[in-house]
Amino acid sequence: MAHYYGTPVYDMEFNKPAPWYQGRVACFLGGCVVAACVTMGVKSQMNTATENYAVTAVPSVAVPAASAVVNRRFAQPQPLNRAEVRRARFSNARPSSVALAAGEWAPSEKMPRKFIVGGNWKCNGDRASIKSLVSSLNEGDNLAGSGVEVVVAPPMLFGDYTRGMLRPDFGVAFQNCWVGGGGAFTGEVSADMIKDAGFDWVILGHSERRALPELMETDETVATKTAYALEAGLKVMLCIGEQLDERQSGKTDEVNARQLAAVADKITDWSNVVIAYEPVWAIGTGVVATPEQAQETHANIRKWMSDNVSPEVAKEIRIMYGGSANAGNAEALAVQPDVDGFLVGGASLKPEFLKVIDSWSKKLE
C-alpha cells in the first residue's frame, strides 16, 4: 500500500469521496446572479429602444441583435457616386430668381421657343483648366424648370471627364462625328459611338471645319453627317453662315439657303435640329453683328424654312446666334424675336458664360 509520509493514501482527506453538492452550490448561485443581470440589461435596452421610438416616431424593422452586430461588423463602405452627389446638390439648389417668379417655363407669346445656349470649347483646355471651369459653372443657379437649355462641348477626349463633374442640368455635346457608322476609318468617331457613350448632342458644320484648309468640309459632307447623326438618335447643332466677302457682296442669305438646302435634301424630321447661325467674319474677331443684323438674318432663315420645309417647322425650330457672343452683348441680342440662343466660343471658357446663359430671362420682359 502506498504511503504519503507514513499515512496510507486512502486514509488521507483528499482521497476521500466528496459530497455530491460540494462545489456545485456556488456555481449554481453564481449562474443565477449572472442570469439576473443579463435579464435586467436586456430589459433596460428594450425600454430605451421603446422610448427612442416614441420620441422620434421613426418606423423600424426588428433585426436580431446578433445579426445586427454581424452586419455592422462586415458592412463594406459604399463608394461615392459623383453623378449622385451632383444630382443631390442641384435638387436642393436654389432655382433662378426668374424661375421662382415665373414658375415652370412654358411657351408664350413673348417666348414661343425654349432658349438654348451652347458652349463650344473647341481645341482648348486640359484636365486642370477644365476642372476649374466646371467648378465655376457649377456655382450658377439651378436651371431646372427654367426657359433655357445649356449644352457644353469640351474636346472629345475630355467628354466623359467633364460630364463626371458637371452639374446635371447642363448637357454635354461632341464637336464633330464621322459621316456614317463604324469601320476602317482611322481617327474617326461615329454618331453611334457617341450615343452609346451616353451623349445626346453633336455640333456639325462649324465654320472652322468648313473653311480650314486641312478639313474643308462641303455642304454635302455636313448634310450626310447630320442625317446619320439624327438616325443614330443624336440631337444636332447645325452651323451655317457666311464669310466676310460673302457678307460684303450681299450673299448672306444665298449662302445660308445653300447650306440649309443640302440638309433639307437628306432629312425630313427637324425636331432634333437646332440651327446655329455663325457670321464667320465675327467669330473670334471681337466684331459682332449688331442686334438688328442678327435679327434680320435669323428672320430670313426662318422664312426660308417656312417656304422650303414647312411653316410648322419654321415656327418651332430654334435659331442660335454664334458670332462672338459674350456677357457684354448677350442681352441686346437675346431680346430679338428670332434669336433663340447662342453658340458661344471664347466666352464659354470663362465664368462669364453664366451671364450669357442668364440673358434668356430678357425674353420675358
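Residues numbered from 1 in each chain as written. Predicted model: local features only at pLDDT ≥ 70, side-chain atom pairs only at ≥ 80, totals over all residues. Heavy atoms only, no water.

Owing to its 3.6 residues per turn, the α-helix aligns residues three or four sequence positions apart on the same side. The end-to-end C-alpha distance of helix H12 (residues 291–308), which contains 18 residues, comes to 26 Å, matching closely the 26 Å that a straight helix rising 1.5 Å per residue would cover. Of the positions making up H12, those classed as buried are Ala-294, Gln-295, Thr-297, His-298, Ile-301, Arg-302, Trp-304 and Met-305. (Helix = DSSP H or I, 4+ residues; strand = E, 2+ residues; numbered from the N terminus. Expected span 1.5 Å × (residues − 1). Buried < 20%, exposed > 50% of the residue type's maximum accessible area, 1.4 Å probe, protein only.)

Turning our eyes to something else, we now look at unusual backbone geometry. Its identity as a non-glycine residue notwithstanding, Met-216 has a phi of 50°, on the positive side. The partly exposed category is assigned to Met-216, whose relative accessible area is 47%. Of note, the phi angle at Ser-324 is positive, near 55°, even though the residue is not glycine.

Close contact between helix H9 (residues 219–231) and helix H11 (residues 252–264) brings their axes to 8 Å; oriented N to C, the two are set at 40°. Between H9 and H11, the angle is such that the two are oblique. Two packed elements cross with a definite hand, and for H9 against H11 that hand is right-handed. Listed contacts from H11 to Asp-219, Ala-223 and Thr-226 of H9 are Arg-258, Gln-259, Ala-262 and Val-263. Grouping the amino acids of the contact of H9 with H11 by side-chain chemistry returns three nonpolar, two polar and two charged. (Axes fitted to C-alpha atoms, helices over the stretch in contact; angles between N-to-C directions. Parallel < 35°, antiparallel > 145°, perpendicular 65-115°, else oblique. Left-handed = near helix turned anticlockwise from the far one by under 90°. Contact = heavy atoms within 4.5 Å. Nonpolar A, V, L, I, M, F, W, Y, C, P; charged D, E, K, R; others polar.)

If pLDDT is low for a region, its predicted coordinates should not be looked at in detail. Per-residue confidence for the chain gives a mean pLDDT of 82, with 72% of residues at or over 70. Low pLDDT, under 50, characterises residues 1–16; the stretch is placed with twelve contacts to residues that sit more than four places away or in other chains. Considering only residues more than four positions removed or in separate chains, one finds that residues 42–80, a stretch of pLDDT under 50, has five contacts. (pLDDT = per-residue confidence, 0-100.)

A separate point is the layout of surface pockets. Its volume calculated, the largest pocket comes out at about 400 Å³. Lining the largest pocket are 17 residues, and of these Lys-122, Cys-123, Gln-175, Asn-176 and Arg-209 lie nearest its centre. Residues belonging to the lining of the largest pocket are distributed by class as follows: eight nonpolar, five polar and four charged. (1 Å grid on protein atoms, 1.4 Å probe; cavity = no way out; pocket = protein on both sides within 12 Å on 5 of 7 lines; lining within 4 Å. Points joined across faces, edges and corners; volume = space filled by probe spheres on them.)

Scanning the model with the defined rule gives 17 salt bridges in all. Here Arg-167 makes a salt bridge to Asp-169, at a shortest N to O gap of 2.7 Å. The residues Arg-167 and Asp-169 share a single accessibility class, namely buried. Close ionic contact of Lys-195 with Asp-200 constitutes a salt bridge, the shortest N to O distance being 3.2 Å. Judged by its relative accessible area of 33%, Lys-195 falls in the partly exposed class. Here the salt bridges share partners, and the residues they tie into one network are Arg-113, Arg-302, Asp-338 and Asp-340. (Salt bridge = Lys/Arg side-chain N within 4 Å of Asp/Glu carboxyl O.)

Turning to the packing of aromatic side chains, a few remarks are in order. A complete count under the given rule lists five aromatic pairs for this structure. Between Tyr-277 and Tyr-321, the aromatic rings sit 6.5 Å apart at their centres with planes inclined by 55°, giving tilted as the arrangement. Of the two residues, Tyr-277 is situated in strand S8 (residues 273–277) and Tyr-321 in strand S9 (residues 319–321); the sequence distance between them amounts to 44 residues. Overall, Tyr-321 belongs to the buried group, its relative accessible area being 0%. Over the face of the ring belonging to Phe-199 we find Arg-163, whose NZ or CZ atom lies 4.0 Å from the ring centre. (Phe/Tyr/Trp six-rings, centres within 6.5 Å; stacked < 30°, edge-to-face > 60°. Lys NZ or Arg CZ within 6 Å of the ring centre and 35° of its normal.)

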